[in-house]
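A closer look at the structure
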Amino acid sequence: MQLNLFDTEDIQPQDNPLQEKDEIFALRKELEEANYKYYVLSQPTLSDREFDLKMRRLQDLEAKHPELADKNSPTQHVGSDLSRKNGFRQMEHKRPMLSLANTYSEQEIREWYERVCKDISFKPDIVCELKYDGLSISLIYENGTLVHALTRGDGTRGDDVIDNVKTIPAIPWKIDNSPLTNFEIRGEILLPWESFERLNKEREEQEEPLFANPRNAASGTLKLQDPRIVAKRGLDAYLYYLLADKLPQDTHYGCLQVARQMGFKVSDAIRVCHSIDQIMQFISFWDTERRNLPVATDGIVLKVNDLSLQQQLGYTAKTPRWAIAYKFPAEKQLTLLKKITYQVGRTGVVTPVANLEPVQLSGTTVQRATLHNEDFIRQLGIREGDMVWVKKGGEIIPKITGKEERKESLIETDSENGHNGLSSFHFITHCPECGAMLIRDPNEAAWRCPNEDGCPPQKKGKVEHFVARKAMNIDGLGSETIDLFFEKGRLGNIADLYDLKQDDILALEGFQQKATQNILDGIEASKQVPWPRVLFALGIRYVGETTAKKLARRFTSVDALKEASTECLTQVEDVGVQIAESIHAYFGKQANLDIIERLRKAGVRLQADEQQAQPSSDRLKGQTVVISGTFLHHSRDEYKELIELHGGKNTGSVSKKTSFILAGDNMGPQKLEKARQLGVRIVAEDEFLRLIVES
Ligand code: IVH
């Protein structure tokens, strides 16, 4: 298995020096941002492989252009997870926490081994270990007691997350009868697959954003301020690196055995290899076997075993020369596409879904994957009965990336659409839920069921949207409960919610007094939800949360909105003809007008509350404001709203068009630098508040 690093469509090497210069700057910026999103926000934007490929490309380009060397380049320092103002004490690492050189190529592993052999003039023992995919931690013990637990931070300083780390059962707080009392041990904090899936399930139910993978979940968890929540999440830790002024053994392997005896969780999947063949055997064995592990791994780490040889080989600026990581390619499996089924969403969009012969991928069983839309299926040229490649990288949702060419179909399909696996692919023509004929706007990729008021998933979807947290925030009504209410004829649309009686709910199986009261209280409380959120909750096509806020500011009641002409509507920022038409279409339907009247009668706020209306002005008219940092008096969202309320516009990045930056504490260093370069004014929080309040 050998991978050419540039065998993907991800990055195309170029040779023009001018383009290369631009590419260097662009890659530095992109990697710096990716580091921040990954380490500080725990929300990666690039997969590991993409990140590594881009980093490698940047290293190659920088080597080719030494005149563009920059000590601030991401190739020269490790990513930083130092959160700003996060409430953790920061501490200097006694010994810097470096990263590892890594490769996806077995050939490069051989080359590393040969280089090491050459440098020390013989074949040293190499310890092979699993590369755990979590976040690194440095545990500091003094007199046998755990006194600090530092994240990697920027490699020099880390956050002390000891209170959270102490919740991990695998980490001893005190070591008794040990040959070592003052030492540091490093390892990886992980969220096992099982806990990760449980956590995401809970988050899905609570409508919270899901974690992309166990590593991000572990990192997000470790930065929580409440150790009680951390304890419930079920973190685990593997330790792999013992450090002390005087170590008890003169080999890495020996030290790990001591660490295990001291009570640390040290993996059994460690082997001292005496040749490159043994190293390759270890890699290929664990490439498959790792699928049976309870935690995520993304490669193999190779370390020179003898500690004095490690010293002799030394370090580069970022990584030790005595170690390297081999990273497994993104997991890919070939499996049978048994059937394409279709899912109808809240807005009527029909999404094709691949139903697969179940396969194990990155620790989970995959049996379904989205096929997005008709064009996607055509581009890949896949049909039912094909063998398709399913890939799962750092993401939760598996992707179908292609098919295996073959002569004939493996299964006979007799789908209701009258085609079999051998014929060319046809998207369904009628809604699988209600039978209506599907329509497709020539400018859109999606087929849609137009039967908004009669198609069950659309009807239920409207209620689900209405009760969601960001809309009417009615507790206790999850999608399963809504399904049940529909099934029993208790609900048909959003207005029916306000007619629900205690006895109606109690009569349903599984509803006790408490759950029933919870729902009724939620419905009652929803009558206090302000008009902008009610407008969003109505679920008018294209009217999302932000558009609803802007519309509600201009049209202070449902009646005003109903009467508004296209011309008036399109005067509202971000509202174009498409949205205006959608609003007209909504109010053009008698069924919707009936629902609105019933909501009005129930006491739902269909107009702005005079007293609560925020004062507005045009003091920021024509001004574009960037928000950066953390604030004392309002949240960032509230500042965004205030800017818009006073006629300004909020954008994400600093440019020539930026009028000023509303800066809180710890403003992002990139934004600060950019502001300096462009001479953009920086306005502090209090100054901003005076600006919008004083006349
Ligand atoms: S040794 C100086 N061993 O991989 C080298 N690291 O890409 C110290 N990692 O920051 C690291 N499993 O967070 C080592 N068995 C293992 C590892 C491992 C995972 C992580 C670690 C490190 C990163 C480098």
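For the structure itself, consult the block above.
A word on the site of the ligand. Taken together, 13 residues surround the ligand, and among them Glu-129, Lys-131, Tyr-132, Glu-188 and Tyr-240 come closest. Between a nitrogen atom of the ligand and a main-chain N or O atom of Leu-130, the distance comes to 2.9 Å. A distance of 3.2 Å separates an oxygen atom of the ligand from a polar side-chain atom of Tyr-240. Elements that contribute at least two residues to the shell around the ligand include exactly β3 (126-132), β8 (236-243) and β10 (297-304). Taken together, the residues of the shell around the ligand break down into 7 nonpolar, 1 polar and 5 charged.

Another aspect to go through is helix α21 (residues 590-602). Under the 1.5 Å per step criterion, the end-to-end length of α21 is 18 Å for 13 residues, consistent within 8% with the ideal 18 Å. Regarding α21, the residues found buried are Asn-592, Ile-595, Ile-596 and Leu-599. One face of α21 carries all of its buried residues, which in axial projection span an arc of 100°. Of the exposed residues in α21, those oriented more than 90 degrees away from the buried face are Gln-590 and Lys-601. Looking at the packing, one finds that the buried side of α21 touches α12 (456-467), α18 (558-563) and α20 (577-587). Directly beyond the C-terminal end of α21, a positive phi value near 105° is found at Gly-603.

Attention now moves to unusual backbone geometry. Phi is positive for Ser-121, close to 65°, though the residue is something other than glycine. Judged by its relative accessible area of 65%, Ser-121 is exposed. For Tyr-542, which is not glycine, the phi dihedral falls at a positive 75°. When you line up the elements, Tyr-542 lands in the loop between α16 (531-537) and α17 (545-554).

Let us look at the pattern of salt bridges. Following the criterion strictly, the structure yields 44 salt bridges and no others. With a shortest N-O distance of 3.9 Å, Lys-131 and Asp-298 are connected by a salt bridge. Placement of the pair is Lys-131 in strand β3 and Asp-298 in strand β10, with a sequence separation of 167 residues. Pair check on accessibility: Lys-131 and Asp-298 agree, each one buried. Across the salt bridge formed by Arg-378 and Glu-374, the nearest N and O atoms sit 2.8 Å from each other. Taken together, the positions of Arg-378 and Glu-374, both in helix α11 (residues 374-380) and 4 residues apart, correspond to about one turn of that helix. Among the residues examined, Glu-374 registers a relative accessible area of 10% and is labelled buried.

General note: in soluble globular proteins, nonpolar side chains tend to be found buried as a group. Of all hydrophobic cores here, the largest spans 51 residues; its most connected members are Phe-466, Leu-497, Leu-551 and Leu-599. When residues of this core are traced back to their parent elements, those giving at least two are α12, α13 (479-487), α15 (513-525), α16, α17, α18, α20 and α21. Counting residues in each nonpolar core, the second largest holds 43 residues, with Leu-191, Leu-235, Ala-237 and Leu-239 among its members.

Moving on, we come to the sheet that holds strand β9 (residues 270-273). Pairing within the open sheet is mixed, and its 5 strands lie in the order β2-β11-β10-β3-β9. Edge strands, defined here as strands with exactly one partner in the open sheet, are β2 (102-103) and β9. Bridge count between β3 and β10: 7 bridges; the pairing is antiparallel. Its bridge partner lying in β10, Lys-131 is registered against Gly-299. Sheet strands touched by helix α8 (residues 252-261): β3, β9 and β10. Its angle to β3, the strand with the most contacts, is close to 55°. Across the face of the sheet, helix α9 (residues 276-289) comes into contact with β3, β9, β10 and β11 (323-327) while running at roughly 155° to β9.

What counts, and at which threshold
- Residues numbered from 1 in each chain as written.
- Predicted model: local features only at pLDDT ≥ 70, side-chain atom pairs only at ≥ 80, totals over all residues.
- Heavy atoms only, no water.
- Near = heavy atom within 4 Å.
- Polar contact = N/O pair within 3.5 Å; in protein donor to acceptor, adjacent residues only side chain to side chain.
- Helix = DSSP H or I, 4+ residues; strand = E, 2+ residues; numbered from the N terminus.
- Nonpolar A, V, L, I, M, F, W, Y, C, P; charged D, E, K, R; others polar.
- Expected span 1.5 Å × (residues − 1).
- Buried < 20%, exposed > 50% of the residue type's maximum accessible area, 1.4 Å probe, protein only.
- Arc of directions from axis to C-beta.
- Contact = heavy atoms within 4.5 Å.
- Salt bridge = Lys/Arg side-chain N within 4 Å of Asp/Glu carboxyl O.
- Core = buried A, V, L, I, M, F, W, Y, C linked by side-chain atoms within 4.5 Å.
- Pairing = 2+ DSSP bridges.
- Axes fitted to C-alpha atoms, helices over the stretch in contact; angles between N-to-C directions.

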